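Here are the chains, one letter per residue:
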Amino acid sequence: MMILINVASMVVGIATTSFIAVRGSAGLALQGGLANFAGGVLILIFKP
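Every chain's residues receive numbers from 1 upward, in the order its sequence appears when written. Side-chain atom pairs in this predicted model are given and counted only at pLDDT of 80 or more, local residue features only at pLDDT of at least 70, and totals for whole chains, interfaces and linings cover all residues. Water and hydrogen atoms play no part in the side-chain values, which are based on all heavy atoms of the structure.

A. Examining the overall build of the protein more closely. Of the regular secondary structure elements, the protein holds 2 helices and 0 strands. Buried residues in the protein amount to 6% of all 48 residues. Using the Shrake-Rupley algorithm and a 1.4 Å probe, accessible areas are obtained, with residue cover drawn only from the displayed protein chains. Of the roughly 4100 Å² that the protein leaves accessible, carbon and sulfur atoms contribute 80%. Secondary structure counts use DSSP, requiring at least four H or I residues in a row for a helix and at least two E residues in a row for a strand, with both numbered from the N terminus. When a residue's accessible area, from a 1.4 Å probe over protein chains only, is under 20% of the maximum for its type it is buried; when over 50% it is exposed; and in between it is partly exposed.

Set out below in structure tokens:
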């Protein structure tokens, strides 16, 4: 899906490097939050 968006933006004439940079930084930002959420869920499930 993301490759399709990159190809479509290249056809239109938008620079794809900015999209790639934004996606990478957003992925890193979400990684920490998702790890904390998963840890909280595991504590709720396995803590007596």
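B. View of the environment of Phe46. Residue position: Phe46 is located in helix α2 (residues 16–46). Taking the C-alpha atoms as reference points, Phe46 and Ala29, separated by 17 residues in sequence, lie 27 Å from one another.

C. Fine view of the environment of Ser18. Its location among the elements puts Ser18 in helix α2. A relative accessible area of 39% means that Ser18 is categorised as partly exposed. C-alpha of Ser18 to C-alpha of Phe37: the two residues are 19 residues apart in sequence and 29 Å apart in space.

No statement about biological role is implied by the geometric values presented.
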